[in-house]
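Commentary on secondary and tertiary structure
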Amino acid sequence: MSARKVILIVEDQSDIRKLIRMTLELGDSEIHEAENGEAGWHMVKALRPDLVLLDVMMPGSLDGYQVCQKIRMEPGLRHTPVVLLTARGQQSDFEMGRQAGADAYLTKPFSPLELIDTVDAQLAKPAALSA
Amino acid sequence: MSANLQILVDSIEEGLLIVSPDGVVRLANQAATRHFPIILGKRLPAEEVLVQVAAAARGYVRLPLVFDIDSPVQVGEKDRLHLKIIESPLGGGFLVLVRNVSEAARFQTIISNFANLMDVELSKPMLDFSQQLGRLLVDIVPELEKQETLAAEMQNILRQGEEVAGRMKQLATFAQVFAKSPVLASERIPVMDLISALLVRVKPLLEERNIKFHQAGVTQELPIIYGSRAWLVEALYGYIEHMVRHCRVRSDLELQARPYGNFISLQIRNHGRGLPKLNDTRSFLPFSRPTGDAKEKAGVGGLGLGMALCKHIVELHRGSLRLNDEDGDITAFVIELPAGAPPEAINPDLGTEQARRYAEDLTRLMQRQRGAKASA
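A short tour of the structure in this document, coming up. Remember, predicted model here, so these are calculated numbers, not experimental data. (Residues numbered from 1 in each chain as written. Chains lettered and ligands numbered in written order. Predicted model: local features only at pLDDT ≥ 70, side-chain atom pairs only at ≥ 80, totals over all residues. Heavy atoms only, no water.)

**Re the sheet that holds strand 1 (residues 15-19) of chain B**
All names here are of chain B. Going by this rule: DSSP-based pairing: two strands are paired if at least 2 bridges between them are found. Starting at the N terminus, helices and strands are each numbered in turn, a helix being any DSSP run of H or I of at least four residues and a strand any DSSP run of E of at least two. Each axis is a line fitted through C-alpha atoms, and for a helix only the stretch in contact is used; angles between axes span 0 to 180 degrees, taken between their N-to-C directions. Residues are treated as being in contact if the distance between any of their heavy atoms lies within 4.5 Å.
Read across the sheet, five strands follow the order 2-1-5-4-3 without closing on themselves; strand pairing throughout is antiparallel. At either margin of the open sheet sits one strand with a lone partner, and together these are strand 2 (25-28) and strand 3 (65-70). Taken pair by pair, the neighbouring strands of this sheet meet at an average axis angle of 25°, ignoring direction. Bridge count for strand 1 against strand 2 is three bridges, and the pairing is antiparallel. Along strand 2, the bridge assignment pairs Ile 18 with Leu 27. Sitting on the sheet, helix 3 (residues 47-57) is in contact with strand 1, strand 3, strand 4 (80-87) and strand 5 (94-100), with an inclination near 165° to strand 3.

**Notes on the environment of Arg 43 of chain B**
Residues and elements named next belong to chain B. Tracing the chain through its elements places Arg 43 in the loop between helix 2 (30-35) and helix 3. Counting along the chain gives 24 residues from Arg 43 to Val 19, while the straight-line C-alpha distance between them is 8.3 Å. Setting aside anything within four residues of it in sequence, one finds Arg 43 in contact with Asp 22, Gly 23, Val 24, Val 25 and Leu 50.

**With respect to the sheet that holds strand 3 (residues 51-55) of chain A**
All names here are of chain A. With parallel pairing, the five strands of this open sheet are ordered in space as 2-1-3-4-5. Taken across any chain shown, the strands that pair with only one partner, and hence form the sheet edges, are strand 2 (29-34) and strand 5 (104-107). Sheet twist, expressed as the mean angle between neighbouring strand axes with direction ignored, is 20°. Pairing geometry for strand 1 (residues 5-10) and strand 3, over four bridges, is parallel. For Ile 9, the partnering residue across the bridge sits in strand 3 and is Leu 53.

**What to know about the interface of chain A and chain B**
The cut-off we apply is this: When two parts are brought into contact, each loses some accessible area as probed by a 1.4 Å sphere; the total of that loss over both is the buried area. Take a side-chain nitrogen of Lys or Arg and a carboxyl oxygen of Asp or Glu: if they are within 4 Å of each other, that pair is a salt bridge. Polar contact is the term for a pair of N or O atoms within 3.5 Å; when the atoms are in protein, one must be able to donate a hydrogen and the other to accept it, and sequence-neighboring residues count only if both atoms are side-chain atoms.
Facing the 30 residues of chain A at the interface are 23 residues of chain B. When chain A packs against chain B, close to 2400 Å² is buried across both sides, 60% of that on carbon and sulfur atoms. It is Met 57, Pro 109 and Leu 113 of chain A that lose the most area in chain A upon contact with chain B, and together they represent 25% of the buried surface on that side. The interface formed by chain A and chain B holds three salt bridges in total. Measuring nitrogen to oxygen at the nearest pair gives 2.8 Å for the salt bridge that ties Arg 368 of chain B to Asp 117 of chain A. One can count ten residue pairs in polar contact (both at pLDDT 80 or more) joining chain A with chain B. Those elements that provide at least two residues to the side of chain A that touches chain B are helix 1 (14-24), helix 3 (64-73) and helix 5 (112-124) of chain A. Broken down by element, the residue count for the side of chain A that touches chain B peaks at six residues, all from helix 5 of chain A.

All we've got here are geometric facts, nothing functional implied.
Right, dumping it as structure tokens:
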């Protein structure tokens, strides 16, 4: 039997965090939450999650792109799948996300099916297993 | 009530009332009597306020209670009054604070109207005029070359036209910033990019006065700013332009960036003869002009808009500005801008849209879950 997957949600809007938690708890995942980039980065290092759902625009000294870049530069974390969440969805944003090292992108408002499918696809990737 | 207490409360600019739990007025200052026809010892003649006081007395509402009402003493279009009810610090009953919020809104409207007037009625015609003059000059250059005096006069007219057009352009910028609130963009701006764009703008200025520019702390590690890149460059350029104007020729100008809590601090320091009375808050108001020694120190004229514009742009980005007068000839502007995305960048309708999207897909999600359980 496979171990429960640990998923970290880094999102400043509590309603969106709850919605994501509610959706992902339909599966068999262990969900953790952080409300800003700094807290998210500390939790990534402490938890070493199997996947990070990361909001792009957050108040404070680290936004989503910066947290993603830090994850990619940290030995032992650099293969952790990162899914960026954004309300903008412009081509330049996708490009910036790709440069920061994100694996996937969800544009708000997103469908719960889209969320589950994206998370499942990322967790099934071999790179995630070797993180 | 003692006479001194009455003097004290009358000196308060906001309306102030103390009412008993059944709405009888025990104390009122002069400002309050302008808002309500008050008789001490009688119930306050404002039913909306009495309802709230009664609710507060019964514990139905939590204090401080804040609400707005229309002025009960005006006819026609009524001013809006902003009220706050708290427990009275002087014995029983409640303290009611009253502020007219329509007056401040009217002042903003006047400024906005004026700015629009400048933009539409004056700025564009003046810029058109100046451009027309330039074209005219090009057309008649061959003729002018034969008549040196006429050529010089035409050049003077053109220069004066350009000067007025420049002033008008500044007024148009003022109109854009104050009347049209341009800082709606939520661009993601790395500080390094902002400073690079700024340096391109200030390079000719620095070269003109042979001023050496130094920067420190401008690294990729700095937090990101969200806002309007163009307007922030405009504001920073305004400060640097002001500093350069007051620097000694062949002196130094320094820009230092550093994270400061959830803010980014940008300090610009010059080594000059000091800035003219910019620590006076009035200097940051639109159309302010230096007087006395400060005027002499400033040395140049202007519309008195530059610093006001820069400050307003920084404040639209939820930032702040201060001037540090250091020892000797050194003066420093310190601009603090919040790190990360502003709360207003979040689309207020997004929650509704997200809920609708979930509602649409919920049935399919449930069907899928049931299918997964059945196959398991």
